[in-house]
Amino acid sequence: MSGRDSLTLPRIGALRVRESWQERFAETPDVLKSSIRPRTIVRVRDLDIGGGEFITMAGPCSVETEYQLMVTADHVRRGGARILRGGAFKPRSSPYAFQGHGLEGLKMLARARESSGLAIVTEVMSECDVPMVAEYADILQIGSRSMENYTLLEAAARSGRPILLKRGMMATVADLLRSAQLILDNGNPNVILCERGIRTFETSTRNTFDVTAIALLKHISHLPVIADPSHAAGHRDLVAALARIAVAADADGLLVEVHPDPNTAWSDGEQSLDFAGFDEMMAMLDPYLALRRLAHSEPAGARTLEAVG
Ligand code: PEP
Ligand code: MN
């Protein structure tokens, strides 16, 4: 606080004027970091999300063909991804755009898991589909447009599968945490938060990548935080730069769209990396990940909310 501020802000005896983060997010106590719960590690097959390793989830926006999915799975696995993404149920901006292959897409994802060994994350859009999607997916993705669909969240929570909860494009951090709290309340502690960009007055990019939200979520919540630079940028040229920023902001991993031929992609081609672009992004991340490992090996990383409040 500057000398000037200290003259103008009210000071009532020993009372603190600044609200603590715990007071501000008091409505969602179970998602907040504490000395008893400094972090949640979400176990997915042989992976620990939020456990220290930076986890890259990569793959096409939509599952299109068996060939497209298989070659992409193989490429991203060799490039260091640990989880394959791909939409079988697609929320689209236009009602006339491709809506996904549904069950056939889920079956393709399962075959890609078998051949690549990668775990699978895929979106579920309707509570009616939760049992079917949960049968095939290792992680259920709740998309930006569904973040506040509490009926869907409850059904997804009760499936027992880990949930990748994407921030609504017009949702505040408090809104996101309310949805996470609801999943926890329904008996599922395995929630992964995802910052994927929000709508602002800026129109040059598809969304505005809210890096402050990543820093804030890492500061106040014990839940792992994943960054999606693809939907934030909307342009493939910017994806690698945003991925580097995500590492520096201490995200636990990335969700990134990759396609063998983005110009012919059935959805989100303009923001999808081709294979060379993916390799380049991963190579550029290397020195940042080395720094991250160094930072994580220092004891300061273990501080809790009470300590930093
Ligand atoms: C997606 O991951 O392809 C997607 C539709 O994301 P969002 O819900 O963030 O728009
Ligand atoms: Mn997409």
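Please refer to the structure placed before this passage.
All figures in this text were calculated on a predicted structure; none of them were measured in a lab.

On to helix H11 (residues 275-296), then. For H11, built from 22 residues, the straight-helix expectation of 32 Å at 1.5 Å per residue is met to within 8% by its first-to-last C-alpha distance of 30 Å. Residue Asp286 marks the point of greatest curvature in H11, where the axis turns by about 40°; the proline Pro287 follows within four residues. Those residues of H11 that sit buried are Phe275, Gly277, Phe278, Met281, Met282, Leu285, Leu289 and Arg292. Elements in contact with the buried residues of H11: strand S3 (55-59), helix H3 (66-78), helix H10 (236-248) and strand S10 (253-257). The N-capping residue of H11, defined by a side-chain oxygen 3.3 Å from the backbone nitrogen of Ala276, is Asp274.

Here the focus is the environment of Asp286. On the secondary structure map, Asp286 appears in helix H11. Exposure remark for Asp286: the relative accessible area of 48% places this residue in the partly exposed category. For the pair Asp286 and Met108, spaced 178 residues apart in sequence, the C-alpha to C-alpha distance is 31 Å.

A word on the nonpolar core. One finds Leu84, Leu140, Leu165, Leu193, Phe278, Met281 and Leu285 to be the most contacted residues of the largest nonpolar core, which totals 75 residues. The element that contributes the greatest number of residues to this core is helix H7 (residues 173-185), accounting for 7 residues. Those residues in contact with Leu285 that lie beyond four places of it in its chain are Phe54, Ala243, Arg244, Val247 and Leu254. By size, the runner-up hydrophobic cluster in this structure holds 15 residues, among which are Val44, Ala119, Cys194 and Leu255.

With respect to the secondary-structure elements, Glu195 resides in strand S8 (residues 191-195). A residue is classified by how much of its surface remains accessible, and Glu195, at 1% relative accessible area, is buried. Here Gly197 takes part through its backbone nitrogen, which lies 2.8 Å from a polar atom of the side chain of Glu195. A polar contact of 3.1 Å, which involves the side chain of Glu195, links it to the backbone nitrogen of Asp210. Among all residues touching Glu195, those that are not within four sequence positions of it are Arg167, Thr208, Phe209, Asp210, Ala213, Ile214, Ile226, Ala227 and Asp228.

Rules and cut-offs
- Residues numbered from 1 in each chain as written.
- Chains lettered and ligands numbered in written order.
- Predicted model: local features only at pLDDT ≥ 70, side-chain atom pairs only at ≥ 80, totals over all residues.
- Heavy atoms only, no water.
- Helix = DSSP H or I, 4+ residues; strand = E, 2+ residues; numbered from the N terminus.
- Expected span 1.5 Å × (residues − 1).
- Bend = angle between axes of the 7 residues up to and from the residue.
- Buried < 20%, exposed > 50% of the residue type's maximum accessible area, 1.4 Å probe, protein only.
- Contact = heavy atoms within 4.5 Å.
- Polar contact = N/O pair within 3.5 Å; in protein donor to acceptor, adjacent residues only side chain to side chain.
- Core = buried A, V, L, I, M, F, W, Y, C linked by side-chain atoms within 4.5 Å.

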